[in-house]
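Here are the chains, one letter per residue:
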Amino acid sequence: MAVAFMLVATLFIAATMLLAKALGTDALGPGLPPFMVTFGRFLFAWLAITACLAAVRPRFTPPDLRTHALRSAFGFTGVTLMFAAAAAIPLSDATAISFLNPVFAMMLAIPLLGERVGRWRWLAAGIALIGALVLTRPGEGTVEVGALFALGAALAYGVEVILIKRLSGRERPLQLLFVNNCFGLAFAAVGAAATWQTPTPAQWGAMVALGSLMACAQFCFVNAMARADASFVSPFVYMTLVFAGVYDAAIFGVIPNAIGSVGASLVIAGAGLLAWREGRLRQAASAPAPFQPLPPRRPD
């Protein structure tokens with residue numbers, strides 16, 4: 001179930017990246033600054049989550065505001081850097097570079113969460129990382145300002161994953177989403193006020209879609225993190241690369257070349273290896289222990 005939640009989250013995240021690129025370029029009007037796009041993302045995600053809470057009326061527990069604020073600060077930073085990267089360099093490159101964050105998260109999970117990462121997880125993550133590096137095409141001039149934005153986003157997202165894992169065992173998913181978006185909206189409002197540019201009607205519509213899709217993605221992501229170790233589910237975020245490629249081909253007519261296909265195949269291979277290995281381990285853990293007769297009792 002954790003893997004299913006993560007895959008649905010990546011499907012939505014890839015869609016938000018396409019919308020962010022459209023908002024940051026002249027596809028829907030004069031390109032909006034990254035802080036404006038981030039503001040739209042948090043504003044409409046907050047509205048969607050608030051409407052859900054009004055219908056469900058869940059019971060909240062006292063939140064860990066300090067950890068929430070820290071998590072939201074890293075999340076806001078990652079989102080803004082990612083939107084800036086999407087507008088500055090090709091979407092496939094920006095997505096590939098930024099989604100190195102599962103490797104950062106897996107590494108940080110060792111000292112910060114005390115998780116044990118075995119050789120199979122290292123191998124799977126390594127294969128996926130090689131695939132991501134192939135997709136970045138470092139020998140073709142990819143490393144520029146936009147690529148640095150994406151790399152910064154990856155690091156910020158990796159830290160956020162660890163903080164989400166700390167919170168997920170103590171607070172319910174809807175509470176995590178609501179408090180995070182409250183903090184994120186506050187941070188984004190400050191940035192938007194400093195760079196305000198009135199959006200066109202089409203841009204407002206795209207921001208509504210972006211925020212709503214991101215709210216759905218957050219819900220799936222938090223549920224995935226609550227159901228499995230961060231080091232297990234994080235590498236599946238790489239599937240966003242695949243979905244972004246599909247969207248690029250369907251909407252913008254961008255067909256992946258041989259290098260892109262090789263990179264995506266490596267990413268899928270790494271994630272598949274991880275899922276297969278974890279499935280075998282869980283089956284072994286849930287299997288009943290073999291019957292062992294009691295040792296003969298010594299006569300009194």
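Residues numbered from 1 in each chain as written. Predicted model: local features only at pLDDT ≥ 70, side-chain atom pairs only at ≥ 80, totals over all residues. Heavy atoms only, no water.

Asks: So, the overall build of the chain: which residues are in play, and what are the values?
Replies: If you tally the helices and strands in the chain, you get 12 helices and zero strands. When the helices and strands of the chain are read in sequence order from the N terminus, they spell out α-α-α-α-α-α-α-α-α-α-α-α. Here the chain, with 300 residues, has 47% of them falling under the buried criterion. A sequence separation of at least 24 residues applies to 91% of the contacts in the chain between residues at least 6 apart. Accessible surface for the chain amounts to roughly 14200 Å². Of this, 70% is attributable to carbon and sulfur atoms. (Helix = DSSP H or I, 4+ residues; strand = E, 2+ residues; numbered from the N terminus. Buried < 20%, exposed > 50% of the residue type's maximum accessible area, 1.4 Å probe, protein only. Contact = heavy atoms within 4.5 Å. Areas by Shrake-Rupley, 256 points an atom, 1.4 Å probe, with all protein chains shown as cover.)

Asks: Can you lay out the packing of helix H3 (residues 65-88) against helix H7 (residues 145-168) for me, pointing to particular residues and giving the numbers?
Replies: One way to put it is that H3 packs onto H7 with a least axis distance of 7 Å and a crossing angle of 155°. Classified by the interaxial angle, the pair formed by H3 and H7 is roughly antiparallel. As for how H3 packs across H7, the hand of that crossing is left-handed. Partitioned by chemical class, the residues of the contact of H3 with H7 number 17 nonpolar, seven polar and two charged. (Axes fitted to C-alpha atoms, helices over the stretch in contact; angles between N-to-C directions. Parallel < 35°, antiparallel > 145°, perpendicular 65-115°, else oblique. Left-handed = near helix turned anticlockwise from the far one by under 90°. Nonpolar A, V, L, I, M, F, W, Y, C, P; charged D, E, K, R; others polar.)

Asks: So what's going on with the packing of aromatic side chains? Which residues, and what values?
Replies: The tally for this structure, following the rule as stated, stands at seven aromatic pairs. For the ring pair phenylalanine 5 and phenylalanine 219, a centre distance of 6.5 Å and an interplane angle of 75° mean the geometry is edge-to-face. Of this pair, phenylalanine 5 sits in helix H1 (residues 2-24) while phenylalanine 219 sits in helix H9 (residues 201-227), placing them 214 residues apart in sequence. For phenylalanine 5, a relative accessible area of 16% corresponds to the buried category. Overall, the relative accessible area of 34% leaves phenylalanine 219 in the partly exposed class. One aromatic cluster is present, formed by Phe35, Phe76, Phe183 and Phe187 through successive ring pairs. Positioned above the aromatic ring of phenylalanine 42 is the side chain of arginine 41, whose terminal nitrogen or guanidinium carbon lies 3.9 Å from the ring centre. (Phe/Tyr/Trp six-rings, centres within 6.5 Å; stacked < 30°, edge-to-face > 60°. Lys NZ or Arg CZ within 6 Å of the ring centre and 35° of its normal.)

Asks: For helix H11 (residues 239-252), give the residues involved together with the corresponding values.
Replies: Between its first and last C-alpha atoms H11 spans 19 Å; for 14 residues at 1.5 Å apiece the expected length is 20 Å, and the two agree. Where H11 terminates, the next one or two residues include glycine 253, which has phi positive at roughly 70°. (Expected span 1.5 Å × (residues − 1).)

Asks: Quick rundown of a nonpolar patch on the surface? Include the residues and the values.
Replies: A surface patch of nonpolar side chains, amounting to about 260 Å² of accessible area, comprises Met107, Ile110 and Trp122. For isoleucine 110, the position within the fold is in helix H5 (residues 101-113). (Patch = residues over 30% accessible without salt bridge, like charges linked within 9 Å, V, L, I, M, F, W, Y side chains within 5 Å. Salt bridge = Lys/Arg side-chain N within 4 Å of Asp/Glu carboxyl O.)

Asks: Give a detailed account of the pattern of salt bridges, specifying residues and quantitative values.
Replies: This structure, assessed with the given rule, holds two salt bridges. Two residues, glutamate 160 and arginine 71, come together in a salt bridge whose shortest N-O distance is 3.0 Å. Here glutamate 160, found in helix H7, pairs with arginine 71, found in helix H3; they are 89 residues apart in sequence, far enough to count as distant. Arginine 71 sits in the buried class, given a relative accessible area of 2%.

Asks: Help me get a handle on the side chain of serine 72, residues and values and all.
Replies: Along the chain, serine 72 falls in helix H3. Look at serine 72 and you get buried, because its relative accessible area is 1%. Beyond its immediate sequence surroundings of up to four residues, serine 72 is in contact with Val179, Asn180, Phe183, Gly184 and Phe187.

Asks: Give me the packing of H1 against H11: which residues, what numbers.
Replies: Angle between the axes and distance between the axes are the two parameters that describe a pair of packed helices. Axis separation between H1 and H11 bottoms out at 8 Å; the angle between their running directions is 45°. The angle between H1 and H11 places the two elements in the oblique class. The crossing of H1 and H11 is right-handed. Contacts between H1 and H11 involve Leu7, Thr10, Leu11, Ile13, Ala14, Ala15 and Leu18 from the first element and Met239, Thr240, Phe243, Ala244, Tyr247, Asp248, Ile251 and Phe252 from the second. Grouping the amino acids of the contact of H1 with H11 by side-chain chemistry returns 12 nonpolar, two polar and one charged.

Asks: Please provide a residue-by-residue account of helix H8 (residues 173-194), values included.
Replies: Given a rise of 1.5 Å per residue, 22 residues ought to cover 32 Å, and the 32 Å separating the end C-alpha atoms of H8 matches this to within 8%. Among the residues of H8, those classed as buried are Leu174, Gln175, Leu176, Leu177, Val179, Asn180, Asn181, Gly184, Leu185, Ala188, Gly191 and Ala192. Among the structural elements, helix H2 (34-56), H3, H7 and H9 are those in contact with the buried residues of H8.

Asks: Just give me the short version of the confidence of the model for the chain, but keep the residues and values in it.
Replies: Confidence in the prediction of the chain, expressed as mean pLDDT, is 81, and 85% of residues score 70 or more. This model gives residues 289-300 a pLDDT under 50, and the stretch forms zero contacts once residues within four places in sequence are excluded. (pLDDT = per-residue confidence, 0-100.)

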